[in-house]
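Results of the structural survey
Here is what each chain is made of, one letter per residue.
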Number of protein chains: 2
Amino acid sequence: MGTTPDRPFAGEALGAFVAASRWAEIGPALRHEAGRSLLNFFGCALGAAGDPAVETAARVMAPFSGPERATVIGRAERLDAMGASFVNTIAANLLDYDDTHLETVIHPTAPVASPLLALAEIRGLTGAEVLHAFILGAEVECRIGAAVSPGHYDRGWHITSTAGVFGAAAGCARLLGLDARQCWHALGIAASQSAGLVENLPSAAKNVGMGNAARNGLLAALMAQAGYTAAPAAIEGPLGWARAMGDAPDLGRITAGLGQEWEFARNTYKPYPAGIVFHAAIDACLELRQRVAPDDIASVLVEGDQLLLDRGDRLVASARDCRVSIHHSAAVALLRGSAGVADFSEGALHDPGIAALRGRVKAGLDAGLPRGAARVTLHDRRGRAFSALVMDARGSAARPLTDEELEAKFRENASIGGRESDAGPLIQRIWRIGDAADPAALLRSLGAA
Amino acid sequence: MGTTPDRPFAGEALGAFVAASRWAEIGPALRHEAGRSLLNFFGCALGAAGDPAVETAARVMAPFSGPERATVIGRAERLDAMGASFVNTIAANLLDYDDTHLETVIHPTAPVASPLLALAEIRGLTGAEVLHAFILGAEVECRIGAAVSPGHYDRGWHITSTAGVFGAAAGCARLLGLDARQCWHALGIAASQSAGLVENLPSAAKNVGMGNAARNGLLAALMAQAGYTAAPAAIEGPLGWARAMGDAPDLGRITAGLGQEWEFARNTYKPYPAGIVFHAAIDACLELRQRVAPDDIASVLVEGDQLLLDRGDRLVASARDCRVSIHHSAAVALLRGSAGVADFSEGALHDPGIAALRGRVKAGLDAGLPRGAARVTLHDRRGRAFSALVMDARGSAARPLTDEELEAKFRENASIGGRESDAGPLIQRIWRIGDAADPAALLRSLGAA
C-alpha cells in the first residue's frame, strides 16, 4: 500500500480529477444518467417526507440550524445546509427505494446530491454546476467503495454511509470551487469522518449514518476551504482509511481509468422499495402470481446466494424489517401482485393474509446462483410445484428501468407525498435541471406548499 | 461475541448503568478526579483558544449555528451546542496537552465535557448534574475503548475520537434525562458515528475527528431522546462496532465491575504538551540538562519501546509535528530545560539551536523497556557518556500531577489565553463546579471578555 514518487497519493489523484474536470467533457449519456439519478432521488425523498423518521430528524435538527435555510424536500420547514443535507439524505434513502451501484451495493445519490442541492440553493449556483459536482462526487464515492469491496461490507461497514462521505466531500469541494490540493484535503478530512454499521441497518441508527455522510462530507469541504489539511495518505496510508476499514483493499480501483471510465454510469434504480438483493425474488413471485392463486399456495421456497440469506432471513416486527425480509417480499408479491411503497408499510406488516403467507415462506441456499439471482418454488394445496428463476432482476444493469418507468416511479412517490397534482411539471423541470440558471426555484417548489 | 438471554447486550448494560446511577453513590475521590479533569480541560482550551485551528473551526461553524448559543472557551463568539461542542473539543485537545487514560491512550475529557457544558449552559442545569454526567460518560468511553485495545489503535483508529463519541452520547443521554432504554439506543446510534484515523493525527483532520466525537455524540443522545433506536447489539453484534473496528475485542471489559471499579479513576494529566509516549524521555532530558551544558552535547540517543519509535521517529515540519516528535521533545528539553506550550510552538520549530540539536537526536529500540519508559544517553564533545532512565514519567499513574501542579498548569494555559489576571478565581470556581447551581455563569466568564 506504499506510495512511490511516481504514483500520486489516492486523494491527490482524486482531488486533481475533481478540480480539473470540465463540464464540456461530460458526455450526454453521463449527464442523462445524472438526471435519472436525481429524478429518482427527488421522488424517493418526496415519498418519504411524511415518515416519522424524517419528521423526527427535521425536528432534532431545527434548533441547530443557522439563518441561511435550504429546502427540506416535501416539507414546510427549512434548515441550514447541514440540517437540510442530513434530513434529505435520510428521506431519499429511508424506504430502500433509491439507486444502487450494484458491484459495491452503494446507494450513491442520497448522500451526495443532498448537500450539493442545499449549497446550490443557498449560494445561487447553476444547475450545470450542481449536476457536474454531483457526477464527480458520485464517481469518487463509487471508486473508493470499489477499492474496499467486498471485504468492507462483509466486515460490517455500511458502505453507502462510509463511502458516501467521500462523495459528498468531493462534490461539495467541487461546487465550492476548491483547488486540487484543497479537494485532496477535503477527501482526507472525510476519511476521518467515515462511519456507519451494517448491524444497525434494521434500525433508525442507519438513518443517522446516512445523514451524517452528507452533513460531514459538506463539513469536510468547508474545513478544507478554510485551510484545514489532512495526511497525504489519509486514504491508503498504513494507519489510514482503507487499512482500518477494508480487509484486502484494491487501491488501484480508485484511480484506474479515472475520467475515462465512469463507475457512476453503472448506476441502477430500484423498481421495488426493498433491499436490492430481494428484487429477483420479487420478480419471480410476481410472475408466479399469474399462475397460482394466493389462496392455493401451501409453501414457498426462495433460493439464492448467501447474501440473500444473510440479508433477508429474519424476524419481521416493523415496516423497516419488511423492507429487508425475504419472507415479506415474497409474500406480498404473491398475495397482492405488487411491491410498492404501500406493500412495505405498517399496514402491510399487520395485514393478516400477508402475515400468514410470510410464515409459509422458507429461504434456502443455492450457492450455484449468482449474486442478484433467485429461484422461487411454490407448492399449491394439491401438491403441484411451480417454479420461476430470475437471473437478472428488473432494474438491474441487464434490465434497467426506462425513463418512463422512472417517471412512473416518481409519480407514485409524489402521490404518496401529496404532490400528484404537479408531478408532471416537476418531472419536466428535474429532467432539465442541468440547464437551470437557478435550481433554487425548483428546490423551493419541492418543499411543501 | 454472541449474546445469551442471561447476559444483557453491551449497550443495554451501559444504558442501565448510565440511567440508574445516583450522584450520592459517586464517592469524593471520583468527584475530585472529575474536578481535576475539568480544571485541566478548561486550561487546555483557554491556552489553545487563539490558535488558528480553533479560530478556523469557529468560523466554519458560525453560519451553521442555531439561536441558542453556548460559550466557546476563551473566545468572544458564541455557538449553538453542536458548534460549541465541536470547537471546544478541538481546543482542549489541540496541543496534545490534555488528559490520558493510559491503558487505552484515550484522552477522555475533551469530547465528553464539551457537549455536556454546552447543554448545561443552554438548559440551565446544575453543576452536580454536569459533573455526574461527565463521570458516567468518561467511564463509558474508557470501558468501550478498553474492550478493543490495543488492536483498535494498531489498526489505525484514533481511539479518543472513536470511543469519545460513545462517552459524549452517554453523558448527554444522562444529562438529558433519558431512560435506560434510550441511553442504550443513544450508544447504538453513536456506534454508527464512530470515526477517526491515526494516519490523520499529524494533521488538522485529527481535529475534525475530535470535534465530531463531541458533536455527533450529542446528536446521538438527541436522536434517541426523539425516539430513534439502534440495533440491540450495535456494539458487539456480528456486523457491529467491535468487530468492524477491533481485531480481537474483549467485550467483557465493557461491563466487568461496572459501577464498582472505575476506569475513569485512572485518568492522568500531562505535564508537557506533547504525545504522552514522549514524556519519560522529556523527564530524562530535563534531568540530564542538570549535568551537561547544551553546547557540550555531541549526540543524543533516546531509547524506548516500539510505540515510542512508531509515534515519534518522524520529520518535523510544523508545530504539530513537534508535539509528536521524539527528536524535538528531547532537543527542546535539553536545550531550554523546559517543555511547555512555547517549546512546541512555531517559534520553537524554527529556533536554529533546537533545529540543530534535533538533528543530533537518534531514536532507538529497547524492547526490554516497558511502554511509557525511556532511556536517554548523551555523549558530550569530549566523548563522555551520560545516561538517565525514567520508568515512570511525571504525570503517569505512579507519579500523578498534584492539585497544585494542575493549578500551575492552568495558570500557564490561562496566561497564554490572556487570562492571567483572573486565573486564581477561575481555578477556585472550577474546583467548586459540582456545587454550582448555575455553571452557566462560570462558562460565560470563560468566554472572552
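What you are looking at is a predicted structure, and each value in this text was computed from that prediction instead of being measured. (Residues numbered from 1 in each chain as written. Chains lettered and ligands numbered in written order. Predicted model: local features only at pLDDT ≥ 70, side-chain atom pairs only at ≥ 80, totals over all residues. Heavy atoms only, no water.)

Some points on the domain arrangement of chain A
All names here are of chain A. Cut-off, in case you're wondering: For the domain bounds, the source is a domain assignment made automatically or taken from a database. In this analysis, two residues are considered to be in contact whenever any of their non-hydrogen atoms come within 4.5 Å of each other. As a working definition, buried area equals the accessible area (1.4 Å probe) given up by two parts on being put together, with both sides summed. A side-chain nitrogen of Lys or Arg and a carboxyl oxygen of Asp or Glu constitute a salt bridge if their distance falls within 4 Å. Any pair of N or O atoms that falls within 3.5 Å is considered a polar contact. Within protein, one atom must be able to donate a hydrogen and the other to accept it, and sequence-neighbouring residues count only if both atoms are side-chain atoms. Only Asp, Glu, Lys and Arg are considered charged, only Ala, Val, Leu, Ile, Met, Phe, Trp, Tyr, Cys and Pro nonpolar, and every remaining residue, Gly among them, polar.
Taken domain by domain, chain A holds domain 1 (10–271 + 416–446) and domain 2 (276–390). In this complex, domain 1 contributes 18 residues to the contact, which on the side of domain 2 involves 10 residues. Note on domain 1 versus domain 2: buried area summed over both sides is about 1200 Å², and carbon and sulfur give 61% of it. In terms of surface lost to domain 2, no three residues of domain 1 exceed Leu95, Pro202 and Lys270, which account for 33% of the buried area on that side. Viewed at the interface, domain 2 and domain 1 are joined by 0 salt bridges. Here domain 1 and domain 2 share 3 residue pairs in polar contact (both at pLDDT 80 or more) between them. Looking at the side of domain 1 that touches domain 2 residue by residue, the class counts come to 13 nonpolar, 3 polar and 2 charged.

Digging into the interface of chain A and chain B
Threshold: Runs of E in the DSSP output that reach at least two residues are strands. Runs of H or I that reach at least four are helices, and both are numbered from the N terminus.
Across the contact, 63 residues belong to chain A and 63 residues belong to chain B. For the pair chain A and chain B, the summed buried area comes to about 4800 Å², and 61% of that belongs to carbon and sulfur atoms. Among the residues of chain A in contact with chain B, Phe64(A), Glu199(A) and Tyr228(A) are the three that bury the most area, contributing 16% of the side total. At the surface where chain A touches chain B, the tally comes to 2 salt bridges. We note a salt bridge from Arg155(B) to Asp247(A), for which the minimum N-O separation is 3.1 Å. Remark: the boundary between chain A and chain B carries 34 residue pairs in polar contact (both at pLDDT 80 or more). Counting residues per element, the ones that place at least two in the side of chain A that touches chain B are helix 3 (52–61), helix 4 (81–94), helix 7 (151–154), helix 9 (180–191), helix 10 (205–225) and helix 11 (241–245) of chain A. Of the residues belonging to the side of chain A that touches chain B, the class tally is 35 nonpolar, 19 polar and 9 charged.

With respect to the nonpolar core
Threshold: To define a nonpolar core, start from buried Ala, Val, Leu, Ile, Met, Phe, Trp, Tyr and Cys residues and group those joined through side-chain atoms within 4.5 Å. For each residue, the accessible area found with a 1.4 Å probe, counting protein chains only, is set against the maximum for its type, and the residue is called buried under 20%, exposed over 50%, and partly exposed in between.
Counting residues in hydrophobic clusters, the biggest one holds 226 residues, and the most contacted among them are Phe42(A) and Phe42(B). Counting 40 residues, the second-largest nonpolar core is a separate cluster that includes Leu286(A), Ile297(A), Cys322(A) and Ile326(A).

Observations concerning the sheet that holds strand 6 (residues 361–365) of chain A
Residue and element names in this part refer to chain A. Heads up, the rule is: Two strands are said to pair when DSSP picks up at least two bridges between them. With axes taken as lines fitted to C-alpha atoms, and helix axes fitted only over the stretch in contact, angles between N-to-C directions fall between 0 and 180 degrees.
As summarised here, the arrangement of the 4 strands in space is 6-5-7-8, forming an open sheet in which the pairing is mixed. What marks the edges here is a single partner per strand, and that holds for strand 6 and strand 8 (385–390). In this sheet, adjacent strand axes meet at a mean angle of 20° when their direction is disregarded. By the bridge criterion, 5 bridges tie strand 5 (residues 297–304) to strand 6 in an arrangement that is parallel. Each bridged residue has a counterpart across the sheet, and for Val300 the counterpart in strand 6 is Val361. Lying over the sheet, helix 13 (residues 279–288) contacts strand 5, strand 7 (374–380) and strand 8, oriented at roughly 140° with respect to strand 8. Packing of helix 16 (residues 326–336) onto the sheet brings it into contact with strand 5, strand 6 and strand 7, and relative to strand 6 it is tilted by some 125°.

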